[in-house]
Amino acid sequence: MSFEKKREKLVENLKERNILKDEKVIDAMLNVPREKFIPEEVKNQAYVDTPLAIGSEQTISAPHMNVMMCQILELKEGDKLLEVGTGSGYHAALCAEIIAPKDSNNPGHIYTIERHDYLAEKARKNLKKTGYEERITVIVADGTLGYEKYAPYDKILVTAASPDKIPPPLTEQLKEGGILCIPAGSKKFSQSLYKITKKEGKIKKKRITGVRFVPLLGKYGF
Ligand code: SAH
């Protein structure tokens with residue numbers, strides 16, 4: 001079966017499981033070739049709903065997790081998004097499809113931070129070969145500090161698990177009315193996915209579900 005056909009089947013499956021609901025996220029899932037973001041040896045699993053190893057002991061999340069996080073963020077065209085944990089660049093590409101679609105008059109932008117040089121370089125290559133390099137800026141830094149230069153952000157996505165105390169720079173760099181989606185909890189087990197919102201300067205934290213992510217390292221990480 002072709003990758004395209006497998007991609008369509010995965011999308012159907014995620015819809016049937018009632019996970020994938022937002023039209024914009026459906027289109028993004030259909031448009032981004034996940035097989036181009038993963039190592040050769042796991043390409044046959046590109047459209048299995050599972051995390052996959054991408055090198056440097058890191059993983060690309062399972063597709064249902066990408067979907068859930070995009071929906072929690074209520075992404076829309078024009079958003080300025082900060083992602084912490086670039087990994088392969090796949091999740092950033094999904095977000096780019098929504099906030100900066102190709103012929104947009106009001107394109108948003110994604111700043112994505114990775115602490116591993118090797119992964120950042122690989123992600124840049126993946127994003128170039130798939131045509132996202134102008135919409136996504138990959139930065140090598142400690143993402144627990146956020147990225148002050150382009151703050152505040154409409155949306156912030158963290159794709160590694162933070163300690164229970166959410167890194168303060170992230171809530172500080174979130175725009176009024178913005179959304180932060182972040183897994184947090186213990187280093188290896190018992191983590192929860194949170195939707196954090198900021199209204200009139202007040203931070204509200206809502207638990208969505210239990211999850212398991214690689215740890216967020218760095219100054220405010222583990
Ligand atoms: N979103 C990625 C998957 C990320 S896995 C994708 O779509 O492929 C989590 C990533 O977070 C790893 O690549 C890890 O190196 C990175 N990471 C962990 N702590 C970090 C920190 N403090 N700053 C930036 N990146 C970090």
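See the structure shown above.
Residues numbered from 1 in each chain as written. Predicted model: local features only at pLDDT ≥ 70, side-chain atom pairs only at ≥ 80, totals over all residues. Heavy atoms only, no water.

**A look at the site of the ligand**
- Around the ligand there are 25 residues in total, and Ser 88, Glu 114, Asp 142, Gly 143 and Leu 217 lie nearest to it.
- In the environment of the ligand, an oxygen atom lies 3.1 Å from a nitrogen or oxygen atom belonging to the backbone of His 91.
- At 2.6 Å, a backbone N or O of Leu 217 approaches a nitrogen atom of the ligand.
- Look at the ligand: alone it shows 580 Å² of surface, and the protein chains cover 99% of it.
- Sorting the residues of the shell around the ligand by element identifies strand S2 (58-60), helix H4 (90-99) and strand S4 (109-114) as the ones contributing at least two each.
- Per-element tally for the shell around the ligand: the top contributor is S2, with three residues.
- Of the residues belonging to the shell around the ligand, the class tally is 10 nonpolar, 11 polar and four charged. (Near = heavy atom within 4 Å. Polar contact = N/O pair within 3.5 Å; in protein donor to acceptor, adjacent residues only side chain to side chain. Areas by Shrake-Rupley, 256 points an atom, 1.4 Å probe, with all protein chains shown as cover. Helix = DSSP H or I, 4+ residues; strand = E, 2+ residues; numbered from the N terminus. Nonpolar A, V, L, I, M, F, W, Y, C, P; charged D, E, K, R; others polar.)

**Things to note about the pairing of strand S6 (residues 153-158)**
- With six of six residues buried, S6 is to be regarded as a mostly interior element.
- Two elements, strand S3 (residues 80-84) and S6, share four bridges in a ladder whose sense is parallel. Looking across to S6, one finds that Leu 82 is bridged to Ile 156.
- Examined bridge by bridge, S6 and strand S7 (residues 174-185) share four bridges and lie parallel to one another. Bridging across to S7, Tyr 153 finds its partner in Leu 174. (Buried < 20%, exposed > 50% of the residue type's maximum accessible area, 1.4 Å probe, protein only. Pairing = 2+ DSSP bridges.)

**Points about the packing of aromatic side chains**
- Going through the model one piece at a time under the given rule, you end up with five aromatic pairs.
- For the pair Phe 37 and Tyr 90, a centre-to-centre distance of 5.7 Å together with 70° between the ring planes defines the contact as edge-to-face. Here Tyr 90 lies in helix H4 and Phe 37 lies in the loop between helix H2 (23-31) and strand S1 (52-55), a separation of 53 residues in the sequence.
- Given a relative accessible area of 2%, Tyr 90 falls into the buried group.
- Three or more aromatic residues link up through ring pairs in this structure, and these residues are Tyr 111, Tyr 147, Tyr 150 and Tyr 153.
- Of note, Arg 34 hangs over the ring of Tyr 90, and the distance from its end group to the ring centre comes to 5.9 Å.
- The residue whose ring lies beneath Lys 205 is Tyr 194, and the NZ or CZ to ring-centre distance is 4.4 Å. (Phe/Tyr/Trp six-rings, centres within 6.5 Å; stacked < 30°, edge-to-face > 60°. Lys NZ or Arg CZ within 6 Å of the ring centre and 35° of its normal.)

Honestly, it's all geometry; don't read function into it.
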